[in-house]
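Listed below, chain by chain, are the residues.
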Amino acid sequence: DSDFLNVAQIQWWFTDLNGVLRQLTSELNKQSINASLEGTYEVRIFNSIGCQLGFDRVLLMRSMDSTRPIVEESYKVCPRYEIGPTINPGVFDGYEWYLENQLVSTSPIYKPTLPGNYSLIVTSAEGCTYSTAFMTEEECELRVSYPNAIQPGNPDKEFLIYTNFLVDELKVSIFNRWGELIFFCEQSDLITSESTCVWDGKYLGKSIPNGSYAIRIDLENLEKKITKIQNGFVLVIE
């Protein structure tokens, strides 16, 4: 910092990590410069008759911190119920969350509830800034997926169920043609990318006959008290 009223010339000097000093002639008389090399930067200021009025130095080192913000490429959100993921990108000194270039939060943890393109800029303990981006898509319906046919004993054709991010609790009931319950499963704390309620196609330890079996699936979002019942069929083949 300087009172530039009495400054006639500004010189910038650079000393590299090998101790070689050179003047940055291309930066002559600039009040600020961009510094991108490791080493010591020095500024010297002179008056109109060549007397040095002052100087200052700063050592610039490359950051050794390898920590970067971690987010997924995309997330699902439901604006109608204000449901979205809770994103924790890691531990930093500062956070700036943007939705379409508009600052929406400076908190360490953020929960987006609107669809769009987001960016995050974090500041490390060393003062370095790093950025990343992600997008959110709207989905407001409780969804479940499962195979329409299984083959007992074949690991490639198992009965596996997957739910979307809105489903907190799941109940699966499978019935034979006489309405008898032959399989029941209840799960909570579901993870979207993981299967649940695996069924091996057996009842009381024995393989069931080939045929079509009715399925009832009860879905629930506990926070918003949203429920849904989905009925279907699964074909068992040998």
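Residues numbered from 1 in each chain as written. Predicted model: local features only at pLDDT ≥ 70, side-chain atom pairs only at ≥ 80, totals over all residues. Heavy atoms only, no water.

Let's talk about a nonpolar patch on the surface
Side chains of L17, L59 and M61 sit close together on the surface and give an oily, nonpolar patch of about 330 Å² of accessible area. With respect to the helices and strands, the residue L17 is situated in the loop between β1 (9-15) and β2 (21-23). (Patch = residues over 30% accessible without salt bridge, like charges linked within 9 Å, V, L, I, M, F, W, Y side chains within 5 Å. Areas by Shrake-Rupley, 256 points an atom, 1.4 Å probe, with all protein chains shown as cover. Salt bridge = Lys/Arg side-chain N within 4 Å of Asp/Glu carboxyl O. Helix = DSSP H or I, 4+ residues; strand = E, 2+ residues; numbered from the N terminus.)

Brief notes about the nonpolar core
By size, the foremost hydrophobic cluster in this structure holds 27 residues, and its most contacted members are F159, I161, L170, V172, I174, W199 and I217. Sorting the residues of this core by element identifies β12 (159-163), β13 (169-175), β14 (181-188), β15 (196-199), β18 (211-221) and β19 (226-236) as the ones contributing at least two each. Ranked by residues supplied to this core, first place goes to β18 with four residues. If sequence neighbours within four positions are ignored, W199 has contacts with I150, F159, I174, I182, F183, I208, V234 and V236. By size, the runner-up hydrophobic cluster in this structure holds 13 residues, among which are Y75, I87, F92 and L99. (Core = buried A, V, L, I, M, F, W, Y, C linked by side-chain atoms within 4.5 Å. Buried < 20%, exposed > 50% of the residue type's maximum accessible area, 1.4 Å probe, protein only. Contact = heavy atoms within 4.5 Å.)

Points about the pairing of β18
As judged from the seven bridges shared by β13 and β18, these two strands associate in the antiparallel manner. In the strand pairing of β18, F175 is matched with A214. When β18 meets β19, the two strands line up antiparallel, connected through 11 bridges. Within the sheet, the bridge partner assigned to Y213 lies in β19 and is V234. Taken together, β18 and the strand that follows it, β19, pair antiparallel across an intervening segment of four residues, in which K225 is found at a positive phi of about 55°. (Pairing = 2+ DSSP bridges.)

Side note on the environment of L120
Relative to the elements of secondary structure, L120 occurs in strand β8 (residues 116-123). When the C-alpha atoms of L120 and P89 are compared, they prove to be 9.0 Å apart, with 31 residues separating the residues in sequence. Ignoring anything within four residues of it in the chain, the contact list for L120 reads P69, V71, P89, E96, W97, Y130, S131 and T132.

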